[in-house]
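Reading the structure
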Amino acid sequence: PAPGPVGARVAVGRGDLLRLSGCAAVLQARDLCRVDDRAVELRPKALDVLLLLAAHAGRVVDKATLMERVWPGVVVGDDSLTQTVVEIRRALDDRD
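These remarks concern the structure in this document. (Residues numbered from 1 in each chain as written. Predicted model: local features only at pLDDT ≥ 70, side-chain atom pairs only at ≥ 80, totals over all residues. Heavy atoms only, no water.)

1. Here we look at the overall build of the chain
For the record, the criterion: Secondary structure elements are defined from DSSP: runs of H or I of at least 4 residues count as helices, runs of E of at least 2 residues count as strands, and each element is numbered from the N terminus. Categorising residues by exposure relies on relative accessible area from a 1.4 Å probe, with only protein chains included: less than 20% of the type maximum marks a residue as buried, more than 50% marks it as exposed, and the intermediate range marks it as partly exposed. All accessibility values rest on the Shrake-Rupley procedure with a 1.4 Å probe; residue burial counts only the protein chains present in the view.
For the chain, the count of helices and strands is 3 helices and 4 strands. Along the chain, from the amino end to the carboxyl end, the secondary structure elements read β-β-β-β-α-α-α. Across the 96 residues in the chain, those meeting the buried criterion constitute 33%. Accessible surface, the chain: about 6000 Å² in total, of which carbon and sulfur atoms supply 53%.

Here it is as structure tokens:
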């Protein structure tokens, strides 16, 4: 992954790259890897949430939008979103 500040987007061969706390996400390819190119494993819904947030970096994404885009037509509780965010934070080793 290309160097740059956290949250910076860089164009790469497979699409936009977003640097995230020691990891990089290739948005169009739906890839998430560490700076040493090791893959970061996330469940599909967690990756959906992460990529949705990454696509809107620097902007607020409200809970209703997250629920509509990640779980369309499915009734899920707030706990599903909370646990998904916890999974993302653990995968990114985000302790703040």
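2. Notes on the environment of Asp-93
Relative to the helices and strands, Asp-93 is located in the segment after helix H3 (78–91). Sequence separation of Asp-93 and Ser-21 is 72 residues, and the distance between their C-alpha atoms is 7.6 Å.

3. A few points about the pattern of salt bridges
Rules: Within this document, salt bridges are pairs made up of a side-chain nitrogen of Lys or Arg and a carboxyl oxygen of Asp or Glu, the two lying within 4 Å of each other.
Under the definition given, this model contains 2 salt bridges. With a closest N to O distance of 2.6 Å, Glu-87 and Arg-43 form a salt bridge. Linking Glu-87 in helix H3 with Arg-43 in the loop between strand E4 (31–34) and helix H1 (44–55), this pair joins segments that are 44 residues apart in sequence. Overall, Glu-87 belongs to the buried group, its relative accessible area being 19%. Judged by relative accessible area, which is 45%, Arg-43 ranks as partly exposed.

4. Things to note about the nonpolar core
Put simply, the rule reads: What we call a nonpolar core is a set of buried Ala, Val, Leu, Ile, Met, Phe, Trp, Tyr and Cys residues that are connected through their side-chain atoms within 4.5 Å. Between two residues, a contact is recorded if the distance between any of their heavy atoms is within 4.5 Å.
Within the largest apolar cluster, 23 residues are counted, with the highest numbers of intra-cluster contacts made by Leu-20, Leu-32, Leu-42, Val-49, Leu-50 and Leu-92. Where this core is concerned, the elements lending two or more residues are strand E2 (15–20), strand E3 (23–26), H1, helix H2 (63–70) and H3. The element best represented in this core is H1, accounting for 7 residues. Ignoring sequence-local partners within four residues, the contact set of Leu-32 consists of Leu-20, Cys-23, Ala-24, Ala-25, Ala-39, Val-40, Leu-42, Leu-50 and Leu-92.

In short, the description is geometric, and any link to function would need to be established separately.
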